[in-house]
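A closer look at the structure
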Amino acid sequence: MVFAKEGEAGCSSYSLTAYPREDTPFLGKSPPLSSNLKTFANIFISIVGAGVLGLPYSFKRTGWLMGLLMLFAVAFLTYHCMMLLVLTRRKLDSLSPFSKISSFGDLGFSICGPSGRFAVDSMIVLSQSGFCVSYLIFISTTLAFLTNNDTTPLFLGFTPKVLFLWACFPFQLGLISVRTLTHLAPLSIFADVVDLAAKSIVMVEDVFVFVKNKPDLKVFGGLSVFFYGIGVAVYAFEGIGMVLPLETEAKDKQRFGRVLALGMGSISVLFGLFGGLGYLAFGEETKDIITTNLGPGVISVLVQLGLCVNLFFTFPIMMNPVNEVMERRSS
């Protein structure tokens with residue numbers, strides 16, 4: 001049997017080289033795989049990010065019913081696209097049983113050759129790195145704000161915001177050195193619990209504010225804000241770039257679709273409640289970041305710290321595809 005080389009087309013698609021190298025062991029050690037619970041935890045933390053904080057303001061502009069419809073439509077389309085990626089990878093793997101598509105880059109190469117791999121790798125690195133940079137900016141800005149000192153230089157001319165930013169790097173370098181999502185799953189579960197607690201506090205506070213104020217609400221905001229609402233909803237579901245790594249490390253791959261559907265459904269309900277209750281509570285006074293509506297106090301501090309913890313442990317999860325690209329390109 002002859003395998004197509006990386007630069008040559010085989011029939012209608014490209015094949016990955018499957019030749020063993022000199023240092024390839026006869027009996028390789030299989031990587032650890034994730035149970036359904038760990039897979040669910042990693043799905044949750046991969047998708048739930050800082051974008052959810054802008055949903056109440058989006059509902060204010062689009063109207064609560066229009067906002068909910070767009071949110072659930074984007075959730076369904078995101079799940080559909082994720083499953084298309086998984087099913088495409090499985091189909092191509094079945095056509096070439098001696099090769100293994102383990103990443104987005106491999107999938108791009110199998111379909112479009114070297115140019116497809118380069119394009120997919122570039123977009124994965126840019127998107128995932130962009131998310132991670134926004135996490136660090138949010139964490140450093142929030143911590144500097146909570147210390148009431150975000151502009152005065154403290155050490156070697158650096159402001160607290162910059163110092164908090166650099167303080168994250170040693171810990172993140174250690175976390176991203178963990179090669180498998182399975183080993184990061186316990187941190188994902190912890191971060192998910194903290195994140196749910198923070199969002200629950202916000203939603204409970206929203207209910208009390210709504211009962212007290214009962215502001216006027218609008219149902220539809222008009223077509224002029226349609227694309228704005230879609231953009232915020234798409235940004236809120238930011239984990240589509242993690243679907244292939246998550247499916248690769250799932251122990252029960254036959255049930256991965258169900259676990260993903262359960263995760264997307266749960267997250268959609270959470271996003272709908274968070275956005276809807278935030279708008280119900282503050283009405284036209286809803287600000288672009290809902291935590292600013294809470295004002296100063298213990299509740300606001302706990303919520304912001306909870307979000308920082310969640311994003312801190314989301315960082316190594318989201319960097320996993322970037323690490324794979326860098327390691328493959330440098331080898």
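Refer to the structure presented above.
Residues numbered from 1 in each chain as written. Predicted model: local features only at pLDDT ≥ 70, side-chain atom pairs only at ≥ 80, totals over all residues. Heavy atoms only, no water.

**Considering helix α1 (residues 36-47)**
Here is the rule we go by: Secondary structure counts use DSSP, requiring at least four H or I residues in a row for a helix and at least two E residues in a row for a strand, with both numbered from the N terminus. Each residue after the first adds 1.5 Å to the expected span of a helix. Only protein chains enter the calculation, and the probe is 1.4 Å; a residue is then buried if its accessible area is under 20% of its type maximum, exposed if over 50%, and partly exposed in between. Contact criterion: two residues are considered in contact whenever any of their non-hydrogen atoms come within 4.5 Å of each other.
Taking 1.5 Å per residue as the helical rise, α1 with its twelve residues ought to reach 16 Å, and the 17 Å between its terminal C-alpha atoms agrees with that figure. By the burial criterion, the buried members of α1 are Thr39, Ala41, Asn42, Ile43, Phe44, Ile45, Ser46 and Ile47. In this structure, the buried residues of α1 make contact with α3 (64-95), α7 (181-213), α8 (226-236), α9 (243-248), α10 (256-282) and α11 (298-318).

**Regarding the packing of aromatic side chains**
What counts here: For Phe, Tyr and Trp, where Trp contributes only its six-membered ring, two rings pair if their centres lie within 6.5 Å, and the inter-plane angle classes them as stacked under 30 degrees, edge-to-face over 60, or tilted in between. We call a charge positioned over a ring when the NZ of a Lys or the CZ of an Arg lies within 6 Å of the ring centre and within 35 degrees of the ring normal.
Summed over the entire model, instances satisfying the criterion amount to nine aromatic pairs. The rings of Phe171, Phe190, Phe312 and Phe313 are connected pair by pair, giving a single aromatic cluster. The positively charged end of Arg61 is found above the aromatic ring belonging to Tyr228, 4.3 Å away from the centroid. Over the face of the ring belonging to Phe274 we find Lys199, whose NZ or CZ atom lies 6.0 Å from the ring centre.

**Brief notes about the pattern of salt bridges**
Note the threshold: When a carboxyl oxygen of Asp or Glu is within 4 Å of a side-chain nitrogen of Lys or Arg, the pair counts as a salt bridge.
With the rule as written, the count across this model stands at seven salt bridges. With a closest N to O distance of 3.0 Å, Arg90 and Glu247 form a salt bridge. In this pair, Arg90 is assigned in helix α3 and Glu247 in helix α9, connecting sequence segments 157 residues apart. In this structure, Asp195 and Lys199 form a salt bridge, with 2.6 Å as the shortest nitrogen-oxygen distance. Taken together, the residues Asp195 and Lys199, both in helix α7 and four residues apart, mark about one turn of the helix. Take Asp195: its relative accessible area is 1%, and that puts it in the buried class. We classify Lys199 as buried; its relative accessible area is 1%.

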